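Residues per chain are reported as follows:
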Amino acid sequence: MNVSDNNPILSGSAQSINAYQDAIEQSSKAVVEWLKQPEMYQGKTVDQLRERINLNFTDEGLGNQATIERAVEYFLKDSLSVHHAQCVAHLHCPSLVISQAAEVLINATNQSMDSWDQSPSATIIEMKLIEWLREQVGYAAGDAGVFTSGGTQSNLMGLMLARDAFFARQGHSIQQNGLTGDLSKIKVFCSENAHFSVQKNMALMGLGYRSVTLVKTDAFSRMDIADLQDKLAQAKANGEQVMAIVATAGTTDAGAIDPLVEITKLAAAEKIWVHVDAAWGGALLLSEKYRHYLDGLESADSVTLDFHKQFFQTISCGAFLLKDARHYELMRYQAAYLNSDFDEEHGVPNLVSKSLQTTRRFDALKLWMGLEALGKKQYAEIIDNGVTLAQQVAEFVSAQPHLELVMQPQLASVLFRYRPESNDTAFVALLNQRIGDVLLASGSANVGVTEADGVTCLKLTLLNPTVCLEDVKVLLASVKETAETLLNA
């Protein structure tokens, strides 16, 4: 039997090309219809979806057309509309149309970024984009960096190289000989509001949660420099060694940016590696109004950037940048079938040497096409829009009865809560949790529920550049109406 008779593999044959065109056309039409539906979400619960979705694979197969129809029915129609004006819960952005086009090219060509002979033009494009990103950060010319799956992986690379550089200064190779010595004395500092991937990655690297020292934060969720200095002094007095400081440029909830200039100066004096998690705030590299928020980023040893947040790229698309290319030697591994000595001697770039991944998508194409299509000025405008809108929403919330602004916005998020006439903290917290749950269950809105300094609050993450203040006012009216219904029930 010739498999391609019924389910053609993508190739240059006439049959395959026709099947590809039919499948893409059918899928595209379905997406267009889905985009037109007014609901943000069809409102099915976890139990309803478990009951509805079943795997019943047949011996003969359904063929492409029927399979796409089933995917539309069981996946697409019940998907959350992240482009909807009332979908503001998470750092989950609507995507650029050009990013969708890039996905077609990425998927069809199926390039793997581990070796040049699997991705020739793609390798060069990614390298040049890394050079450009380094320039935006303020790093010296070079191509030390790589595209990643996102912030967790980029943070892992920063912490791993910080660890290996820490041991290398003591004459020990982690790569060759593994961890050694009293590991309980090795510490990483980050703020109380840093991303959970710091702890997750330290555990993954064998140093455990206990290696992470949390630094207090100020009223705006930024790392407190005085507490950082105190904890560094305490660590030294305890005979501990600080492997790295992880600063955050854009915390998940508050969008807080740690004082990067002060942190990097302090770390330089103590010879401590600084990794900056700028997965969200890194978007301000293109900002015309708020670029100065990232002052000090150029002094960090490594940086995390995400493009599937406020760069509006489809998931996944991130990058890791390394200030000093020499540190890449700490993770180098050569395999004759991917990055041979011969290739290196002849200047053939095989990006597997820079990545934790082997097989890897050409996600850099999305950023390149986005920059080409929009231009730097329009990109800056849509990034700045979210930050400016958050400030406008905060001002509006502050003037509303029964709505309380929990913290002044710093990036494109607003933390607030519905405040009834009650001093019962637990009651107010549960009410706000239920507001978020009811709105999502109704399919009308997706509002984040989180905590800020122990206060349960609602969160608007205003990444969508098509959303305006009037859209948010509609959402806030829904919050009030839902709260009143719950209170009167």
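In the block above lies the structure referred to throughout.
What you are looking at is a predicted structure, and each value in this text was computed from that prediction instead of being measured.

Criteria and cut-off values
Residues numbered from 1 in each chain as written. Predicted model: local features only at pLDDT ≥ 70, side-chain atom pairs only at ≥ 80, totals over all residues. Heavy atoms only, no water. 1 Å grid on protein atoms, 1.4 Å probe; cavity = no way out; pocket = protein on both sides within 12 Å on 5 of 7 lines; lining within 4 Å. Points joined across faces, edges and corners; volume = space filled by probe spheres on them. Helix = DSSP H or I, 4+ residues; strand = E, 2+ residues; numbered from the N terminus. Nonpolar A, V, L, I, M, F, W, Y, C, P; charged D, E, K, R; others polar. Axes fitted to C-alpha atoms, helices over the stretch in contact; angles between N-to-C directions. Parallel < 35°, antiparallel > 145°, perpendicular 65-115°, else oblique. Left-handed = near helix turned anticlockwise from the far one by under 90°. Contact = heavy atoms within 4.5 Å. Buried < 20%, exposed > 50% of the residue type's maximum accessible area, 1.4 Å probe, protein only. Pairing = 2+ DSSP bridges. Polar contact = N/O pair within 3.5 Å; in protein donor to acceptor, adjacent residues only side chain to side chain. Expected span 1.5 Å × (residues − 1). Bend = angle between axes of the 7 residues up to and from the residue. Disulfide = S-S within 2.5 Å.

Student: Tell me about the layout of surface pockets, and name the residues and values.
Tutor: Its boundaries defined by the atoms lining it, the largest pocket holds a volume of some 1600 Å³. Lining the largest pocket are 47 residues, and of these Val-31, Ser-95, Gln-100, Glu-103 and Thr-314 sit closest to its centre. Elements that contribute at least two residues to the lining of the largest pocket include exactly helix H1 (14-36), helix H3 (64-76), helix H4 (97-109) and helix H12 (364-398). Here the lining of the largest pocket takes 12 residues from H1, the largest share from any one element. Counted by class, the lining of the largest pocket contains 31 nonpolar, 15 polar and one charged residues.

Student: Outline the packing of helix H9 (residues 225-237) against helix H10 (residues 260-270), supporting the account with residue identities and numerical values.
Tutor: Two elements in contact, H9 and H10, have axes whose closest approach is 11 Å; the angle formed by their N-to-C orientations is 20°. The angle between H9 and H10 falls in the class roughly parallel. Between H9 and H10 lies a crossing whose hand is right-handed. Touching Ile-225, Leu-228, Gln-229, Leu-232 and Lys-236 of H9 are Glu-262, Ile-263, Leu-266 and Glu-270, all from H10.

Student: Report on the pairing of strand E6 (residues 302-306), specifying residues and quantitative values.
Tutor: In terms of burial, E6 is largely enclosed, as five of its five residues are buried. Side chains of E6 alternate between two faces, with Ser-302, Thr-304 and Asp-306 and Val-303 and Leu-305 buried alike. The pairing of strand E5 (residues 273-278) with E6 spans four bridges and is classified as parallel. Residue pairing across strands places His-275 opposite Ser-302, the latter belonging to E6. The sheet contact formed by E6 and strand E7 (residues 318-322) spans five bridges and is antiparallel. Among the inter-strand pairings, Ser-302 is bridged to a residue of E7, identified as Leu-322.

Student: Let's hear about the sheet that holds strand E8 (residues 403-407): which residues, and what values?
Tutor: The strands making up a sheet associate through backbone hydrogen bonding, with each pair oriented either parallel or antiparallel. The four strands lie next to each other as E8-E9-E11-E10, forming an open sheet whose pairing is antiparallel. Each edge of the open sheet carries a strand with a single partner, namely E8 and strand E10 (448-452). Strand-to-strand twist of the sheet, defined as the mean angle between neighbouring strand axes without regard to direction, takes the value 45°. Where E10 and strand E11 (residues 455-461) come together, five bridges link them in antiparallel fashion. Across the sheet, residue Ala-452 finds its bridge partner in E11, namely Val-455. Each of E8, strand E9 (413-418) and E11 touches H12; the most contacted strand, E8, lies at about 135° to it. In this fold helix H14 (residues 469-488) packs onto E8, E9 and E11, with an angle of close to 25° to the strand it touches most, E9.

Student: Let's hear about the environment of Ser-191: which residues, and what values?
Tutor: Mapped onto the elements, Ser-191 comes out in strand E2 (residues 186-191). It is 9.9 Å that separates the C-alpha atoms of Ser-191 and Asp-227, two residues lying 36 residues apart in sequence. Not counting chain neighbours up to four residues away, the residues in contact with Ser-191 comprise Leu-214, Val-215, Thr-217, Met-223, Val-246 and Asp-258. A polar atom in the side chain of Ser-191 sits 3.0 Å from the backbone nitrogen of Asn-193.

Student: I'd like to hear about H12, residue by residue, with values.
Tutor: Over its 35 residues, H12 extends only 41 Å from the first C-alpha to the last, a length that falls short of the 51 Å expected when each residue adds 1.5 Å. Maximum bend of H12: about 95°, positioned at Gly-375.

Student: Run through the state of the cysteines, naming residues and quoting values.
Tutor: Summed over the entire model, instances satisfying the criterion amount to zero disulfides. Free of any disulfide, Cys-87 has its nearest cysteine sulfur in Cys-93, 11 Å distant. Judged by relative accessible area, Cys-87 falls into the buried class, the value being 11%.

Student: Which residues make up the sheet that holds strand E1 (residues 145-148), and what are the values?
Tutor: Read across the open sheet, the seven strands follow the order E1-E7-E6-E5-E4-E2-E3; overall the sheet is mixed. Each of the sheet's edge strands pairs with one partner strand only, and the pair in question is E1 and strand E3 (212-215). Across the sheet, the axes of successive neighbouring strands diverge by a mean angle of 20°, strand direction being ignored. Where E2 lies against strand E4 (residues 241-248), five bridges are found, and the strand directions are parallel.

Student: Describe the side chain of Lys-366, listing the residues and the values that go with them.
Tutor: Within the fold, Lys-366 resides in helix H12. Within polar-contact distance, the side chain of Lys-366 engages the side chain of Glu-103 at 3.0 Å. Each residue touching Lys-366, except ones within four places of it in the same chain, is listed here: Ser-99, Ala-102, Glu-103, Ile-106, Gln-313, Thr-314, Ile-315, Ser-316, Cys-317 and Arg-361.

Student: Run through the pairing of E11, naming residues and quoting values.
Tutor: In terms of burial, E11 is largely enclosed, as six of its seven residues are buried. As paired strands, E9 and E11 are joined by four bridges and run antiparallel to one another. Considered in E11, the bridge of Phe-416 is made with Leu-458. Taking the residues between adjacent antiparallel strands as the criterion, E10 and E11 are bridged by two residues, where Asp-453 takes a positive phi near 50°.

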